[in-house]
Protein chains: 2
Amino acid sequence: MSTPLPGQSVRGSKTGKPIMALLDLLGRTWSLGIIWNLSNQVLTFRELQSLCDGISPTLLNTRLKELRVTNIIEKTGKGYALTAIGEKLLLLIYPMGDWATMWRDHLIALKGSSNDG
Amino acid sequence: MSTPLPGQSVRGSKTGKPIMALLDLLGRTWSLGIIWNLSNQVLTFRELQSLCDGISPTLLNTRLKELRVTNIIEKTGKGYALTAIGEKLLLLIYPMGDWATMWRDHLIALKGSSNDG
DNA sequence: CAATGTCGCTACATATTTTGTAGCAAAGAG
DNA sequence: CTCTTTGCTACAAAATATGTAGCGACATTG
């Protein structure tokens, strides 16, 4: 699978629209998890592997390459880190943590009402 | 693959943290694309399939079920639509369109400078 | 009622992706 | 040199996605 880049035809859209390339990239297994784990910390290959619940090194390396050529993460002397633009993307992902908490409560409420009703 | 739910152990995390369930859910092929295409419009199964570049009906139905049991989308008389909470999630995804445009320009600039330097 | 078309969705074989495990070369510590 | 850690590759097995065919329900036309 080739790395999705804005301006090119990607899985899910042939328009070349940047958002479609991003959706393809982030929609790949573990992409979001890797970015999330890289928030505020530089991690080595093995640390990242461990935090991503033992993702296979094969796939981790594949994703790392994709995220590097798309300039979302970079390799530093200490390990992998988000780039400046990657940090900005993370700022957009962060609020999802709050949404997810609300979502959990919502699902619990629905479950409760379906049991009651 | 079971549907990731907040409060449960999911692919990528055994903590049950809501964000991890969300990352697992959205990280699956086509999830983000389906949600994106459902912005401001109710779509039939086949319309959705067409907009998602011919996604196989098998997988589309699998994703649709996952998104329905997690209450992000719902089936209406007219077709599939985002739920109220699904709309809120979309509001968080929207800004990624702008980010992606900036990202494209950034990548073009990098490419240019690497050619020059 | 019969013929035609659309729609939601299932079946299933094939293709692609992900996992899991093993392990190697390089770098640092003693 | 030995021991340990690290980044990463190999590769077979398992899981997931694709592509195509097509069924039953329903609406339209006549």
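So, how was this worked out
Residues numbered from 1 in each chain as written. Chains lettered and ligands numbered in written order. Predicted model: local features only at pLDDT ≥ 70, side-chain atom pairs only at ≥ 80, totals over all residues. Heavy atoms only, no water. Contact = heavy atoms within 4.5 Å. Buried area = accessible area lost by both parts, 1.4 Å probe. Salt bridge = Lys/Arg side-chain N within 4 Å of Asp/Glu carboxyl O. Near = heavy atom within 4 Å. Polar contact = N/O pair within 3.5 Å; in protein donor to acceptor, adjacent residues only side chain to side chain. Helix = DSSP H or I, 4+ residues; strand = E, 2+ residues; numbered from the N terminus. Least-squares fit on C-alpha atoms with pLDDT ≥ 70 in both. Pairing = 2+ DSSP bridges. Nonpolar A, V, L, I, M, F, W, Y, C, P; charged D, E, K, R; others polar. Phe/Tyr/Trp six-rings, centres within 6.5 Å; stacked < 30°, edge-to-face > 60°. Buried < 20%, exposed > 50% of the residue type's maximum accessible area, 1.4 Å probe, protein only.

## As for the interface of chain B and chain A
The partner chain A presents 45 residues to the 45 residues of chain B that form the contact. Here chain B and chain A share an interface that buries about 3,900 Å² over both sides, 79% of which is from carbon and sulfur atoms. Area buried by chain B at its contact with chain A is led by Met 96, Trp 99 and Trp 103 of chain B, which between them contribute 18% of it. Linking chain B with chain A are zero salt bridges, by the criterion used here.

## Observations regarding the protein's contact with DNA strand C
In the neighbourhood of DNA strand C, 18 residues make up the surrounding shell, with Leu 59 of chain A together with Arg 46, Asn 61, Lys 75 and Tyr 80 of chain B lying closest. In DNA strand C, the atoms that sit within 4 Å of the protein are 51% sugar and phosphate, with bases accounting for the remainder. Thr 58 of chain A has a polar side-chain atom sitting 2.9 Å from a base oxygen of DNA strand C. Between DNA strand C and Phe 45 of chain B, the relevant distance is 2.9 Å, taken from a phosphate oxygen to a main-chain nitrogen or oxygen of the residue. Only helix H4 (57-69) of chain A together with helix H3 (45-51) and helix H4 (57-69) of chain B provide two or more residues apiece to the surface near DNA strand C.

## Topic: the relation of the copies chain B and chain A
If you rotate chain B by 180 degrees and push it 0.0 Å along the axis, it lands on chain A with an RMSD of 0.0 Å. In short, the pair behaves as if placed about a two-fold rotation axis. Closest to the rotation axis within chain B is the C-alpha of Gly 27 of chain B, separated from it by 2.3 Å. Interface residue correspondence from chain B to chain A reaches 100%, placing this contact among same-surface, isologous pairings.

## Let's talk about the pairing of strand S2 (residues 79-82) of chain A
Side-chain positions along a regular strand alternate between the two faces of the sheet. Sheet topology note: the strand S1 (residues 73-76) of chain A/S2 of chain A ladder contains four bridges and is antiparallel. Across the sheet, residue Thr 76 of chain A finds its bridge partner in S2 of chain A, namely Gly 79 of chain A.

## Details of the side chain of Glu 66 of chain B
Within the element layout of this structure, Glu 66 of chain B appears in helix H4. Setting aside chain neighbours within four positions, we find Glu 66 of chain B in contact with Met 1, Thr 3, Leu 25 and Arg 28 of chain B.

## Observations regarding the protein's contact with DNA strand D
Close to DNA strand D lie 17 residues; Arg 46, Asn 61, Lys 75 and Tyr 80 of chain A together with Leu 59 of chain B are nearest. The protein-proximal atoms of DNA strand D, defined as those within 4 Å of the protein, are 48% sugar or phosphate. Note that a phosphate oxygen of DNA strand D is positioned 3.1 Å from one of the side-chain N or O atoms of Thr 29 of chain B. Residue assignment for the surface near DNA strand D shows that the elements contributing at least two residues are helix H3 (45-51) and H4 of chain A together with H4 of chain B. Tallied by class, residues from the surface near DNA strand D come to seven nonpolar, six polar and four charged.

## Structural notes on the packing of aromatic side chains
Remark: the centre distance and the inter-plane angle together describe each pair of aromatic rings, the angle taken between the planes. Residues and elements named next belong to chain A. Applying the stated criterion to the full structure yields four aromatic pairs over all chains. On the basis of an interplanar angle of 25 degrees and a centroid distance of 5.3 Å, the ring pair of Trp 99 and Trp 103 is categorised as stacked. Of the two residues, Trp 99 and Trp 103 are both situated in helix H6 (residues 95-116); the distance of four residues between them amounts to about one turn of the helix. An identical accessibility class is assigned to Trp 99 and Trp 103; each is buried.

## Let's talk about the pattern of salt bridges
Scanning all chains against the criterion turns up eight salt bridges over all chains. Residues Arg 28 of chain B and Glu 66 of chain B are paired through a salt bridge, measuring 3.0 Å at the closest nitrogen-oxygen approach. Here Arg 28 of chain B is found in the loop between helix H1 (18-26) and helix H2 (31-37), whereas its partner Glu 66 of chain B is found in helix H4, with 38 residues between them in sequence. Like Arg 28 of chain B, the residue Glu 66 of chain B is buried in the burial classification. Each of Asp 24, Arg 28, Arg 63 and Glu 66 of chain A takes part in salt bridges that share partners, so that together they form one network.

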